[in-house]
Amino acid sequence: MDGEARGSVNMALISAIVAVATIGGLLFGYDSGAVNGTQAGLKEAFGLDDAGLGFTVGSLLIGCAAGAFLAGRLADALGRKRVMVVAALLFLIGAIIQGETDSHTLFVIARFAGGMAVGAASVLSPLYISEVAPANIRGRLTTVQQVMIITGLTAAFVVNYFLAQAAGDSLGEVGGMPAWRWMYLAQAVPAAVFLVALLFIPESPRYLVSRGREAEARGVLARLFGPAEAERKVGEIRASFADDHRPRLSDVLAPGTIFRPIVWAGILLATFQQFVGINVIFYYGETLWKLAGVSEEAALERNIISGLVSIAACFVTIMVIDKIGRKPLLLIGSVGMALTLGAMTWAFSNGSLDAAGNLSLTQNFGMVAVVAANLYVIFFNVSWGPVMWVMLGEMFPNQLRGSALAVCGLAQWGANYAVVQTFPGMASGWGLAPTYLFYTISAAVSFFLVRAFIKETAGKELEEMEG
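About the thresholds
- Residues numbered from 1 in each chain as written.
- Predicted model: local features only at pLDDT ≥ 70, side-chain atom pairs only at ≥ 80, totals over all residues.
- Heavy atoms only, no water.
- Helix = DSSP H or I, 4+ residues; strand = E, 2+ residues; numbered from the N terminus.
- Rg over C-alpha atoms; globule rule 2.2 N^0.38 Å.
- Buried < 20%, exposed > 50% of the residue type's maximum accessible area, 1.4 Å probe, protein only.
- Contact = heavy atoms within 4.5 Å.
- Areas by Shrake-Rupley, 256 points an atom, 1.4 Å probe, with all protein chains shown as cover.
- Lys, Arg positive; Asp, Glu negative; His and termini not counted.
- Charge placed at Lys NZ, Arg CZ, Asp CG, Glu CD.
- Salt bridge = Lys/Arg side-chain N within 4 Å of Asp/Glu carboxyl O.
- Disulfide = S-S within 2.5 Å.
- Polar contact = N/O pair within 3.5 Å; in protein donor to acceptor, adjacent residues only side chain to side chain.
- Core = buried A, V, L, I, M, F, W, Y, C linked by side-chain atoms within 4.5 Å.
- Phe/Tyr/Trp six-rings, centres within 6.5 Å; stacked < 30°, edge-to-face > 60°.
- Axes fitted to C-alpha atoms, helices over the stretch in contact; angles between N-to-C directions.
- Parallel < 35°, antiparallel > 145°, perpendicular 65-115°, else oblique.
- Nonpolar A, V, L, I, M, F, W, Y, C, P; charged D, E, K, R; others polar.

K.L.:
Help me understand the overall build of the protein, please; the structure alone is not making it clear to me.
P.N.:
The secondary structure content of the protein amounts to 22 helices and six strands. At 22 Å, the protein has a C-alpha radius of gyration in line with the 23 Å of a compact globule built from 467 residues. Its C-alpha atoms put the protein at 65 × 50 × 40 Å along the principal axes. Burial status across the protein gives 58% buried among its 467 residues. Considering only contacts in the protein between residues 6 or more positions apart, those separated by 24 or more positions represent 81%. Accessible surface for the protein amounts to roughly 17700 Å². Of this, 66% is attributable to carbon and sulfur atoms. Taking the average location of the 30 positive side-chain charges in the protein and that of its 33 negative ones, the two points are 8 Å from each other.

K.L.:
Honestly, the environment of Trp182 in this entry has me stumped. Any pointers?
P.N.:
Tracing the backbone through its elements, the reader meets Trp182 in helix H9 (residues 179-185). Measuring from C-alpha to C-alpha, the distance between Trp182 and Ala95 comes to 9.7 Å, with 87 residues separating the pair along the chain. The residues contacting Trp182, other than those within four sequence positions of it, are Leu163, Val174 and Met177.

K.L.:
Which parts of the structure should I look at to understand the pattern of salt bridges?
P.N.:
Pairing between side chains of opposite charge can happen when their charged atoms approach one another. Counting across every chain of the model gives 19 salt bridges. Linking Arg232 and Glu229 is a salt bridge whose minimum nitrogen-to-oxygen distance equals 2.5 Å. Of the two residues, Arg232 and Glu229 both sit in helix H13 (residues 227-239), three residues apart, roughly one turn of that helix. Classification of Glu229 as buried rests on a relative accessible area of 8%. Among the charged side chains, a salt-bridge network with shared partners connects Arg206, Glu229, Arg232, Lys233, Glu236, Glu461 and Glu463.

K.L.:
What is the right way to read the side chain of Thr154 from this model?
P.N.:
By secondary structure assignment, the location of Thr154 is in helix H8 (residues 138-167). For Thr154, a relative accessible area of 6% corresponds to the buried category. Excluding its chain neighbours within four sequence positions, the residues that come into contact with Thr154 are Ile304, Gly307, Leu308 and Ile311.

K.L.:
Before we go on, may I ask you to explain the state of the cysteines in this structure?
P.N.:
Simply put, the disulfide is a covalent bond whose two ends are the sulfur atoms of two cysteines. Within the structure shown, the criterion is met by zero disulfides. Cys64 forms no disulfide, and the closest cysteine sulfur to it belongs to Cys408, at a distance of 16 Å. Among the residues examined, Cys64 registers a relative accessible area of 0% and is labelled buried. Not part of a disulfide, Cys314 finds its nearest cysteine sulfur in Cys64, a span of 19 Å.

K.L.:
I'm lost on unusual backbone geometry in this one. Help?
P.N.:
Most peptide bonds take the trans form, and the phi angle of most residues other than glycine is negative. A positive phi is found at Ile258, a non-glycine position, where the angle reads about 70°. By the secondary structure assignment, Ile258 is in strand E4 (residues 258-259). With relative accessibility at 52%, the residue Ile258 sits in the exposed group.

K.L.:
Hey, could you run me through the side chain of Ser122 in this one?
P.N.:
Mapped onto the fold, Ser122 is located in helix H7 (residues 104-132). Here the side chain of Ser122 touches Gly119 through a polar contact of 2.6 Å, landing on its backbone oxygen. Look past the residues within four positions of Ser122 in its chain and what remains in contact with it is Phe28, Ala68, Gln145, Trp389 and Trp413.

K.L.:
Looking at this model, I keep getting lost on the nonpolar core. Mind explaining?
P.N.:
Within soluble globular proteins, side chains that are nonpolar generally end up buried alongside one another. Counting 118 residues, the largest nonpolar core has Leu124, Leu269, Tyr376, Leu392 and Tyr436 as its most contacted members. Those residues in contact with Leu124 that sit more than four places away from it in its chain are Ala71, Ala75, Arg80, Val83 and Met84.

K.L.:
Can you walk me through the packing of aromatic side chains in this structure?
P.N.:
Here the distance between the centres and the angle between the planes together describe a pair of aromatic rings. In the structure shown here, the tally under the stated rule is 16 aromatic pairs. Here the aromatic rings of Trp180 and Tyr184 are separated by 6.2 Å at their centres, their planes lie at 90°, and the arrangement is edge-to-face. Here Trp180 and its partner Tyr184 are both found in helix H9, four residues apart, which amounts to about one turn of the helix. Tyr184 carries the same exposure label as Trp180, and that label is buried. Residues Phe447 and Phe448 carry aromatic rings whose centres are separated by 5.2 Å and whose planes lie at 85° to one another, so their mutual orientation is edge-to-face. Using a relative accessible area of 21% as the deciding quantity, one classes Phe447 as partly exposed. An aromatic cluster is present here, built from Phe348, Phe423, Tyr436, Phe438 and Tyr439 joined pairwise through their rings.

K.L.:
Explain the packing of helix H2 (residues 11-21) against helix H3 (residues 23-34) to me, please; I cannot follow it from the model alone.
P.N.:
Helix packing for two helices is described by the angle between their axes and how far apart those axes are. It is at 4 Å that the axes of H2 and H3 come closest, and there the two elements cross at 20°. The angle between H2 and H3 places the two elements in the roughly parallel class. Together, Ala19, Val20 and Ala21 of H2 and Ile23, Gly24 and Gly25 of H3 make up the contact between the two elements. Here the residues of the contact of H2 with H3 are counted per class, giving four nonpolar, two polar and no charged.

K.L.:
Before we go on, may I ask you to explain helix H20 (residues 384-394) in this structure?
P.N.:
Residue pairs spaced three or four apart in an α-helix point in one direction, given the helix's 3.6 residues per turn. With respect to burial, H20 is a largely interior element, eleven of its eleven residues being buried. Of the residues making up H20, those classed as buried are Trp384, Gly385, Pro386, Val387, Met388, Trp389, Val390, Met391, Leu392, Gly393 and Glu394.

K.L.:
For this particular structure, what's the right way to read the environment of Asp244?
P.N.:
When you line up the elements, Asp244 lands in the loop between H13 and strand E3 (253-254). Accessibility expressed as a relative area gives 66% for Asp244, which makes it exposed. When the C-alpha atoms of Asp244 and Asp50 are compared, they prove to be 53 Å apart, with 194 residues separating the residues in sequence. Among the polar contacts made by the side chain of Asp244, one reaches the side chain of His245 at a distance of 2.9 Å.

Written out as structure tokens, the structure is:
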């Protein structure tokens, strides 16, 4: 049994910490999903053409990449908690400005700032949870982050749906203000809760030791695991850091190969989670339901149902991730995603794009695509969705963790942006079937990469991680 399991674990405090940290995941999902109901409003308010709308919406992802990189680095310099406070402030201010401003320039700046907060939350929440959780249940506690991300996405769909219903559509008014503006302002509520709640949780003990603040670290560990365990852990954590310097970005580098092998493994996980096309599935889910013959309103409702199914899939992961391990779940997910994406590719090969660039399928093939897409989302959320974030939060040695997450977070959001931005051109230039064949091949390749390069981390103390 690991050392933390032997101690007197304060699960009430650990649960409270996880609950607070994962509000960042909720905001991550909410901020990403809120824009789906606001595009008509953005076009009307700022006089945008399709290219301008794409840039306005996509500015979030550019901010995400910058925020993930900076947060990983700043987490080593300022602390995990302080940087999460900054992220909460960016969430709050960004939501208010996006909902209120009549200036397109200011809106894009606020959206970029909100993206920085999303990127920061994406790396800091799993990082922080992994550094306070007992090793034997660390996987299931970190998986709560993915549950909260999908809960945030689903909440955004639900709020947007009811606001549009109350106003007639997103351009109608609620309380004297267009509904689409309320869709942004609604983000301020969880952001304010996140900001206040962060004031009541402790700093990561691993960060405190890295800064030579061992008495504070001992106090936090004593509250988490008891005094005897705290004394032992401080010594182990101290030994895991370099004697001659504090954590720095150059720690991730290796002569001749740019990065250390463990960092390349993290980049592999971060990029292939996006190369399988998950966000394309999310963005075009409503279209697929329409192709299966349901109305627009019913399609919106099924989007919400799909979100709830995704949350249920994550609870399966919570139950098994610390029992069967991370690597088996990744391998199962790769196989499942390759098969379901293959089915979508087959369905799309029997369809076409009309003059407007919209997918045209028979109702039968539309149903095949819909069923395969939803099975794909289930496989993703049982495996790569939560497990990638779990592993990035725990797979690196203490000395590297912040900087390695900066690099991997930048890679993850860069891949996200690349996939989303290239999909329209690939779909119109190659056709949908070849485009989805690329995602299918990526899923198949990910199986062999995981088998060759990813090492199991379940049950290991963070101080045991090698790099």
